[in-house]
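Chain residues, written in single-letter form:
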Amino acid sequence: MMRSWFVGLFRSAILCSALVWNAPVTAQIWTEQPQKNLGDGLYLKIRVADKPGPVFFIPHDNENVAVEAVERLGRGTLVELKQQHKGHPGKQIRYIAQKVKAGLVFADPNRIYTSAQAVRRNFAPHRRFICGVRMRSSTDRATVTRFMNLGKTLTEELETLVATADRPLLVAVHNNTSAYGSGALSVEFEEFKSRLYQVCKSGDTRCGSHSGSTAEKRNPNNFFLVTDPEDFDLLKKQGWHAILQQPGREGDDGSLSYWATLGDRAGRLRYVNVEAEHGTQNHEDCPVPRKSQWETQIRMLQAIVEPSPG
């Protein structure tokens, strides 16, 4: 009798735990703000939490681990770049589209913030299907200018939000996976990692050790890019892999991380890029996240927003 009671209690505890994890984030935590329409179905979804915190920006609409992690952290302002793709309602892909003379052209929304050369190199692979949506690219001047202007609009909006936030910190939240296929995106990401890790291999003091005490800290796909030396030291002490970016040192790839190092922003804008693995074996463009990676990314966000003493 006692044994059956204990088993029943144990099962109930497991069920409650599962329900708590899968329960939706309560409406009281986040308050949705008027969305910012950017044209061609592109818009910013902005939510503010009850608890103060930094501005979290998620540029890739398919990186749902990042969204879930910020929602569960329940702090600051969450800004998502989203788009309603014509003919594909509800479809979430990493690229954004703009209608230009050549038609509907797609580009990576994290590669439009710096120079024309960087934008031109980072259009979506031409004629490739991404999650059922056919991509198209064009590198003519008008198209490049269109995306550069969009990048400028986004950074101006983000700087305004940071200036009025409880904590003047901009945190870009991303997901990646070592399970990428052989497509252009996998090559781009591996080259990106390789270029940054050359800093570490050379013994440069801007690189924090990634020989952490746990598997998630040793995982090379979980890492931080930061512009503030204090943030770098904080993450390094916690055992996370971190790289301190400096102006012009990593190469112009058009990313928000590189943009944050340019001009006077390097001295006044506190910026952190949080990269966490999807934790999925699916194609990189259509990931199916696992609970373990939500937990990992939450811990990564806490490392910078709610660091443990010592």
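One can find the structure itself at the top, above this paragraph.
Everything quoted here is computed from the prediction, not taken from an experiment.

What follows deals with the pairing of strand β6 (residues 96–100). When you tally the buried positions in β6, you get four out of five residues, the bulk of the element. The hairpin turn running from β6 into strand β7 (residues 103–107), its antiparallel successor, is two residues long.

In this model helix α4 (residues 141–164) runs 35 Å from its N-terminal to its C-terminal C-alpha over 24 residues, within 8% of the 34 Å that 1.5 Å per residue would give. Considered for burial, the residues of α4 that qualify are Thr 143, Val 144, Phe 147, Leu 150, Gly 151, Leu 154, Thr 155, Glu 157, Leu 158, Leu 161 and Val 162. With a side-chain oxygen lying 3.1 Å from the backbone nitrogen of Ala 142, the N-terminal cap of α4 falls on Asp 140.

The next thing to look at is the packing of aromatic side chains. Throughout the structure, instances matching the rule amount to two aromatic pairs. Seen in terms of ring centroids, Phe 123 and Phe 147 are 5.5 Å apart; in terms of plane orientation they differ by 80 degrees. Their pairing is edge-to-face. Of this pair, Phe 123 sits in the loop between α3 (116–121) and β8 (129–130) while Phe 147 sits in helix α4, and the two are 24 residues apart along the sequence. A relative accessible area of 11% places Phe 123 in the buried class.

This next bit is on helix α2 (residues 64–73). Counting buried residues along α2, eight of its 10 residues qualify, which places the element largely inside the surrounding structure. Along α2, the residues classified as buried are Val 65, Ala 66, Val 67, Glu 68, Ala 69, Val 70, Glu 71 and Leu 73. Once α2 finishes, Gly 74 follows within two positions and takes phi at roughly 70 degrees, a positive value.

This part covers the side chain of Asp 61. Inspection of the secondary structure puts Asp 61 in the loop between β4 (51–58) and α2. A distance of 2.8 Å separates the side chain of Asp 61 from the side chain of Lys 82, its partner in a polar contact. Once you skip the residues sitting within four places of it in the chain, Asp 61 turns out to touch Leu 81, Lys 82, Gln 83, Lys 91, Gln 92 and Ile 93.

Attention now goes to the pairing of strand β13 (residues 271–277). It is a general feature of regular strands that their side chains alternate between the two faces of the sheet. Burial within β13 is extensive, with seven of its seven residues counted as buried. Residue alternation in β13 divides its side chains into two sets, Tyr 271, Asn 273, Glu 275 and Glu 277 and Val 272, Val 274 and Ala 276, and both sets are buried. Across seven bridges, the pairing between strand β10 (residues 170–176) and β13 is parallel. Within β13, the position partnered with His 174 by the bridge is Glu 275. Pairing of strand β11 (residues 223–226) with β13, which is carried by four bridges, proceeds in the antiparallel orientation. Note on β13: the bridge partner recorded for Leu 225 is Asn 273.

Taken as a whole, this structure holds 10 salt bridges when the rule is applied. Note that Arg 146 and Asp 40 form a salt bridge whose closest N and O atoms lie 2.9 Å from each other. Taken together, the positions of Arg 146 in helix α4 and Asp 40 in the loop between β2 (36–39) and β3 (42–49) put the pair 106 residues apart, joining distant regions of the chain. Of the charged contacts, one joins Lys 82 and Glu 80 as a salt bridge, the two residues approaching to 3.9 Å between their closest N and O atoms. One exposure class covers both Lys 82 and Glu 80, and it is buried. By sharing partners, the salt bridges in this structure join Arg 47, Asp 61, Glu 71, Glu 80 and Lys 82 into a single network.

The rules behind the values
- Residues numbered from 1 in each chain as written.
- Predicted model: local features only at pLDDT ≥ 70, side-chain atom pairs only at ≥ 80, totals over all residues.
- Heavy atoms only, no water.
- Buried < 20%, exposed > 50% of the residue type's maximum accessible area, 1.4 Å probe, protein only.
- Helix = DSSP H or I, 4+ residues; strand = E, 2+ residues; numbered from the N terminus.
- Pairing = 2+ DSSP bridges.
- Expected span 1.5 Å × (residues − 1).
- Polar contact = N/O pair within 3.5 Å; in protein donor to acceptor, adjacent residues only side chain to side chain.
- Phe/Tyr/Trp six-rings, centres within 6.5 Å; stacked < 30°, edge-to-face > 60°.
- Contact = heavy atoms within 4.5 Å.
- Salt bridge = Lys/Arg side-chain N within 4 Å of Asp/Glu carboxyl O.

The quantities given are spatial measurements derived from coordinates; they are silent on function.
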